[in-house]
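Each chain, letter by letter, is given below.
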Amino acid sequence: MTGFGRAAGEGDRFAWAWELRSVNGRGLDLRLRLPPGYDTIEPALRDAAARHLARGNVSAMLTVRREAGATLAVDEAVLGHLLRIALDLAARIPGGAAPRADALLAVPGVLARTGADDAGPGEHGPAILRGFEAALAELVAMRRAEGARLASVVAGQLDELVRLHAAAMAEAADQPAMQRARMLESLQALLGEVPALPEERIAQEVALLASRSDVREELDRLASHVAAAEALLAEATPIGRRFDFLVQEFARETNTLCSKSASPALTATGLRLKAAIERMREQVQNIE
C-alpha cells in the first residue's frame, strides 16, 4: 500500500527531518538511508516499523544539519599511542627520523570531526526516534485511508463473485442432462468399436463420466471461500496474505469448473468468474 509520512525537529544548533514512503510489496521491506554514524539507531527503527506495518516496500530517509559547521579535534589517546609506536620504531632504525606531525595527523582516528553530520545522534537520539514514530504514524494513517477505499472496491468485487456463483449454480442444474447426452454419445462410440464390451465395464465408464461432470463440489467450495473472504474484510488485523491465498483458491475452483463444464452457458459464466477473480487479484496485492 502506498503512503507518505514526514516529521522534523530541531535542538541546540541541530535540526533533523524524516521522510517515509511506501509502495506495494508482498512482505515488509524497510530500506533505511541514515547519515554516517547513525547505524546505532537502526534496530530501534526496524522494531518500530514492524510494530505498525506488515507489508510494503518502505523507504525511510533521515537528514540532519548542524549549524556551527564542522570542527576538528585531536583524539589524545589515539595520538599518544600512535606517537609511542612511531618513536619506538625511529629509535630502532639507525638514523631514523622523528615522526612528522602531518604524518601522524593523517592516520585515521587521530582527528575526529565534531559538529558534523556524521557525529552520530548523541543526545538527540531519543528525539530522532520519536520523530520516526511520528512520521510512521502519518504514513500508517494514509495507508489506512487507502485501505478503507480499497475495502469498498474489494467488497463490490466479492458481490460480483456471489452473483456469478448464483448464475453458475442455476446453469449447473442443466449439467446432468447435457452430460448424459455426452455419455450416450461416448458409449455408442465405445460399443461400436468393441461390441462385446462387458456391462460391468460400461457401468464403470458411466460412473467415471458422471463423477467428472459433477461441479457441485467446486461451487460449494467457491461459496465457502467467498464467505471466508467477506469475513476477512470485517477484521481489523492485517489480512493481505490470507486474502491472497483465498484468491488463489477462487482461481483453482473456477478452473476446475470450466474444465468440467458440459454447458456453453456454464462455461461462459466460468470465464466471467475467472476475469472477475483476476481483477480482484490485482487489488489484493495492495492489501496489508
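Presented here is an overview of the structure given in this document. (Residues numbered from 1 in each chain as written. Predicted model: local features only at pLDDT ≥ 70, side-chain atom pairs only at ≥ 80, totals over all residues. Heavy atoms only, no water.)

### Concerning the overall build of the protein chain
A count of helices and strands for the protein chain gives 9 helices and 6 strands. In the protein chain, which comprises 288 residues, the proportion classed as buried is 35%. Sequence separation of at least 24 residues holds for 79% of the intrachain contacts in the protein chain that already meet a minimum separation of 6. Carbon and sulfur atoms form 57% of the exposed surface of the protein chain, whose accessible area is close to 16400 Å². (Helix = DSSP H or I, 4+ residues; strand = E, 2+ residues; numbered from the N terminus. Buried < 20%, exposed > 50% of the residue type's maximum accessible area, 1.4 Å probe, protein only. Contact = heavy atoms within 4.5 Å. Areas by Shrake-Rupley, 256 points an atom, 1.4 Å probe, with all protein chains shown as cover.)

### Brief notes about helix H9 (residues 264-284)
A rise of 1.5 Å per residue sets the reference length of H9, with its 21 residues, at 30 Å; its end C-alpha atoms lie 30 Å apart and thus fit the reference within 8%. Within the sequence span of H9, burial applies to Leu266, Thr269, Gly270, Leu273, Ala276, Ile277, Met280 and Val284. Angularly, the buried residues of H9 cover 125° about the axis, an arc narrow enough to put them on a single face. Across from the buried face of H9, at angles greater than 90 degrees, the exposed residues are Pro264 and Glu282. (Expected span 1.5 Å × (residues − 1). Arc of directions from axis to C-beta.)

### Quick word on the layout of surface pockets
Quantified by volume, the largest pocket comes out at close to 540 Å³. Lining the largest pocket are 22 residues, with Arg144, Ala236, Thr237, Pro238 and Glu288 sitting closest to its centre. Where the lining of the largest pocket is concerned, the elements lending two or more residues are helix H1 (42-52), helix H4 (125-172) and helix H7 (216-233). Split into classes, the residues belonging to the lining of the largest pocket amount to 14 nonpolar, 3 polar and 5 charged. (1 Å grid on protein atoms, 1.4 Å probe; cavity = no way out; pocket = protein on both sides within 12 Å on 5 of 7 lines; lining within 4 Å. Points joined across faces, edges and corners; volume = space filled by probe spheres on them. Nonpolar A, V, L, I, M, F, W, Y, C, P; charged D, E, K, R; others polar.)

### Re the packing of aromatic side chains
A complete count under the given rule lists 1 aromatic pair for this structure. On the numbers, 4.9 Å between centres and 65° between planes, the contact of Trp18 with Phe132 is edge-to-face. With Trp18 in strand E2 (residues 14-23) and Phe132 in helix H4, this residue pair connects regions lying 114 residues apart in the sequence. The pair Trp18 / Phe132 is uniform in exposure class, with both members buried. (Phe/Tyr/Trp six-rings, centres within 6.5 Å; stacked < 30°, edge-to-face > 60°.)

### Digging into the sheet that holds strand E3 (residues 28-33)
As summarised here, the arrangement of the 4 strands in space is E1-E2-E4-E3, forming an open sheet in which the pairing is mixed. The two strands at the open ends of the sheet, each matched to only one other strand, are strand E1 (3-11) and E3. Going from strand to strand, the sheet's axes swing by 10° on average, the running direction of each strand aside. Of the pairings in the sheet, the one linking E3 to strand E4 (residues 56-66) comprises 6 bridges and is parallel in character. (Pairing = 2+ DSSP bridges. Axes fitted to C-alpha atoms, helices over the stretch in contact; angles between N-to-C directions.)

### A short note on the environment of Ala48
Mapped onto the fold, Ala48 is located in helix H1. The spatial distance from the C-alpha of Ala48 to the C-alpha of Phe132 is 8.5 Å, given a sequence separation of 84 residues. Ignoring any residue separated from it by four or fewer positions in sequence, one finds Ala48 in contact with Phe132, Glu133 and Leu136.

### Quick look at H1
Among the residues making up H1, those that are buried are Leu45, Ala48 and Ala49. Taken down its axis, H1 places every buried residue within 100° of arc, on the same side. Looking at the buried positions of H1, the neighbouring elements they touch are E2, E3 and H4.

### Quick look at a nonpolar patch on the surface
Residues Val74, Leu105 and Leu111 make up a contiguous nonpolar surface patch of roughly 200 Å² in combined accessible area. Looking at where Leu111 falls in the secondary structure, it is placed in strand E6 (residues 111-114). (Patch = residues over 30% accessible without salt bridge, like charges linked within 9 Å, V, L, I, M, F, W, Y side chains within 5 Å. Salt bridge = Lys/Arg side-chain N within 4 Å of Asp/Glu carboxyl O.)

### Regarding the side chain of Glu218
Mapped onto the fold, Glu218 is located in helix H7. Among the polar contacts made by the side chain of Glu218, one reaches the side chain of Lys260 at a distance of 3.2 Å. Residues in contact with Glu218, not counting those within four places in the same chain, are Glu253, Thr256, Leu257 and Lys260. (Polar contact = N/O pair within 3.5 Å; in protein donor to acceptor, adjacent residues only side chain to side chain.)

### Digging into the nonpolar core
Counting residues in each nonpolar core, the largest one holds 27 residues, and the members touching the most others are Leu158, Leu161, Phe243, Val247, Phe250 and Met280. Looking at this core, the elements with two or more residues in it are H4, H7, helix H8 (240-260) and H9. Element by element, the count of residues in this core is highest for H4, at 7 residues. Contacts of Phe250, omitting those with residues within four sequence positions, involve Leu158, Leu161, Leu222, His225, Val226, Ala229, Ile277 and Met280. Residues Trp18, Leu53, Leu62 and Ala135 belong to the second largest nonpolar core, which totals 24 residues. (Core = buried A, V, L, I, M, F, W, Y, C linked by side-chain atoms within 4.5 Å.)

### Things to note about the pairing of E2
Most of E2 is tucked away, with 7 of its 10 residues classed as buried. Pairing between E1 and E2: 9 bridges, direction antiparallel. Pairing of Ala7 across the sheet is with Trp18, part of E2. Counting the residues in the hairpin turn of E1 and E2 gives 2 residues, including Arg13, whose phi is positive at 55°. Bridge count between E2 and E4: 10 bridges; the pairing is antiparallel. Residue pairing across strands places Ala17 opposite Thr63, the latter belonging to E4.

Read these as layout, nothing more, since geometry by itself doesn't imply function.
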